[in-house]
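A structural walkthrough
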Amino acid sequence: MNHLLKKLFFLICIFCFPGIKAQDLPSIFLDVANDNPLKTELDKAINSSARSYFKDQKAVGLSIGILLNGKAYFYNYGEMESGKKMLPANNTIYEIGSITKTFTGIALAQTVLEKKINIQDDIRKYLKGEYPNLEYKGQPIKMVNLTSHTSRITRIFPNNWERDDYIPENPFANYSREMFFEGLHHMKMDTLAGTKYEYSNMAVALLGTILEDINHQSYFTLIRKQILEPLDMKNTTIDLSKADKTMIAKSHNEKKEVVPYWDLPALPAMGALRSTTADMVKYIEANNKDFLPGMNLSHQFTFAGSEGDMGFNWFIHKTPEGVTYYEHTGGTGGARSSLQCFPQSNSGFIILTNSLANRKILEKELNKFIMKSSLKEKQQ
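Everything quoted here is computed from the prediction, not taken from an experiment.

What follows deals with the overall build of the protein chain. A tally of regular secondary structure across the protein chain gives 11 helices and 14 strands. Taken against the 2.2 N^0.38 rule, which gives 21 Å for 380 residues, the C-alpha radius of gyration of the protein chain at 22 Å falls within 12% of a compact globule. Here the protein chain, with 380 residues, has 54% of them falling under the buried criterion. The long-range fraction of contacts in the protein chain, counting pairs at least 24 apart against all pairs at least 6 apart in sequence, stands at 68%.

Structure representation (C-alpha cells):
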C-alpha cells in the first residue's frame, strides 16, 4: 500500500470513527519518518518493532544502534522535537540516564585494579567525618555493596524531594554535595548490607563522590580519561554547552511537551551522561571484548539480585541456552533508554528515546532477535 493510500485510510478512520486512537490502527498505517532502507531481514525486523513502538501516543523520537556479529547498523525514527519534523541521526544526543551507572562501575573497577580501593573496605574509610549510622549490628557497608545495590542506602534521600526549593521537572538541579552528605548522615540502616537487593540511586551517587575524591578529579574528567577518549566516544558528555544544538534531541513528558534535561551537578555518577547511538555501539563492542582494563572486572559477579545477577552496576543474565548478556536501562523526566551487550557473538543494542513511551516491548524484541543470532554463532 503506497503512502497516499495509507494516509487516506488513516484520515477515513479518524473522521468516520472519532473515538479511534493511533494505537488501535495497524502499524503499517502509522506514518513515522525514518531512515530504514528496508532491505535486509534485520531492517524489516527493526521496522516492525519500531512502528509498534510508535503506536504509543507518547512516542516522539527513537534511535537504535545494533551491533550484530561485530557489524554496526543504525536506525532512526520520529522527531528530535515534537512537531518540528527533524529526524534524529546516529550522532543525535539523548539523555542516557542510569546507563551512566555502568560507566561508574567500570571506573570503580579500574580504581580497584590500581589498588586505590579495596571493594571489601568499609565505605567510611573513604568518607570525611563520622557516620555511626552506616552500619547495622556492628556490620558496615562495604564498597562492593554500593555497586551491587545491596548497601541499604535509600533510593532517594528525603532531604531532596521534601525541601522547599525542590524542582519536580529537574529534581537534582540544585541539590548540592553538602545536602547529599547531610542526607547520608540521617540515613538509617534497616538490615545487614550485602544481604538484600534494592536499587539505589543514592548508593551509586555516593560511589561517584568517593571515586572523585580518591582520584582527585571530577567524575566526568575521570570517565573521559578512562573510557571516552580510549574508545573515541567524542559526543558523549555531561555539559552540552559546547555541543551542536541542532544535534540535541529534546526530552518530552507524557503530553509530548518539551521538558528540561536532568542536571545532576553534585551527583553525576548515577545518571548524568548524554550520548549517541554511534558512541554507544562503540561502548557495546568494547564491553563485549573487555577492551579496557576495568571492563572485565566490572562484569564479574557481585550479588544474585531480584532483577538478575549483579556485576559492578551491570545486570548480568545467562539464558538456559548458555547465552550471557550484560544490560542496563535508563530513565529521566523525558527520556528512556536500554543497553544490552552479548559478548559471545560480539552483538548488542542501544535504544535511545526522547519521550516516556514504553520501549519495553521493543527491548524484548531486539533481545530475542540478537539472542537467535547469538545461538547461531554459538552453534557454528
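After that view, the rundown keeps rolling.
Before going further, it helps to spend a moment on the confidence of the model for the protein chain. Per-residue confidence for the protein chain gives a mean pLDDT of 92, with 91% of residues at or over 70. The model gives residues 1-6 a pLDDT under 50, and that stretch makes 5 contacts with residues more than four places away or in other chains. Below pLDDT 50 for its whole length, residues 22-29 participates in 19 contacts with residues either more than four positions away or in separate chains.

This structure, assessed with the given rule, holds 11 aromatic pairs. Arranged with centres 5.2 Å apart and planes meeting at 90°, the rings of Y53 and F54 form a pair that is edge-to-face. An identical accessibility class is assigned to Y53 and F54; each is buried. Between F157 and F180 the ring centres are 5.4 Å apart and the planes differ by 25°, which places this aromatic pair in the stacked class. Pair noted here: F157 is in the loop between helix 4 (143-147) and helix 5 (158-161) and F180 is in helix 6 (residues 177-186), with a separation of 23 residues, a long-range link. Like F157, the residue F180 is buried in the burial classification. Members of the aromatic cluster, joined through ring pairs, are F103, Y283, W314 and Y326.

Once that is clear, we can look at the sheet that holds strand 14 (residues 347-353). Strand order in this open sheet of 8 strands is 2-1-14-13-12-11-10-9, and the pairing throughout is antiparallel. The sheet is open, and its two borders are formed by strand 2 (71-78) and strand 9 (303-305), each paired with just one other strand. Neighbouring strand axes in the sheet, compared pairwise and without regard to direction, differ in orientation by 20° on average. Inspection of the sheet shows strand 10 (residues 308-310) paired to strand 11 (residues 315-318) by 2 bridges, in the antiparallel sense.

This part takes up helix 3 (residues 100-113). End to end, helix 3 covers 20 Å across 14 residues, agreeing with the expected 20 Å (1.5 Å per residue, within 8%). Helix 3 sits mainly inside the fold: 13 of its 14 residues count as buried. Phi turns positive one or two residues past the end of helix 3, at K115, with a value near 60°.

All right, on to unusual backbone geometry then. Look at L38: it is not a glycine, yet its phi comes out positive at around 55°. With respect to the secondary-structure elements, L38 resides in the loop between helix 1 (3-16) and helix 2 (41-53).

Here strand 10 folds back onto strand 11 in antiparallel fashion, the turn holding 4 residues, of which N313 has a positive phi close to 70°. When strand 11 meets strand 12 (residues 324-331), the two strands line up antiparallel, connected through 4 bridges. Within strand 12, the position partnered with F315 by the bridge is E327. Following strand 11, the chain reverses through 5 residues before pairing antiparallel with strand 12; G322 in that reversal takes a positive phi of roughly 90°.

For the coordinates displayed, the defined rule picks out 18 salt bridges. With a shortest N-O distance of 3.0 Å, D190 and R152 are connected by a salt bridge. Here D190 is found in the loop between helix 6 and helix 7 (201-215), whereas its partner R152 is found in the loop between helix 4 and helix 5, with 38 residues between them in sequence. Classification of D190 by relative accessible area gives partly exposed; the value is 47%. For R177, the salt bridge identified is with E212, shortest N-O distance 3.1 Å. Of the two residues, R177 is situated in helix 6 and E212 in helix 7; the sequence distance between them amounts to 35 residues. You can call R177 partly exposed: its relative accessible area is 25%. With a relative accessible area of 15%, E212 lands in the buried category.

Basis of the calculations
- Residues numbered from 1 in each chain as written.
- Predicted model: local features only at pLDDT ≥ 70, side-chain atom pairs only at ≥ 80, totals over all residues.
- Heavy atoms only, no water.
- Helix = DSSP H or I, 4+ residues; strand = E, 2+ residues; numbered from the N terminus.
- Rg over C-alpha atoms; globule rule 2.2 N^0.38 Å.
- Buried < 20%, exposed > 50% of the residue type's maximum accessible area, 1.4 Å probe, protein only.
- Contact = heavy atoms within 4.5 Å.
- pLDDT = per-residue confidence, 0-100.
- Phe/Tyr/Trp six-rings, centres within 6.5 Å; stacked < 30°, edge-to-face > 60°.
- Pairing = 2+ DSSP bridges.
- Axes fitted to C-alpha atoms, helices over the stretch in contact; angles between N-to-C directions.
- Expected span 1.5 Å × (residues − 1).
- Salt bridge = Lys/Arg side-chain N within 4 Å of Asp/Glu carboxyl O.

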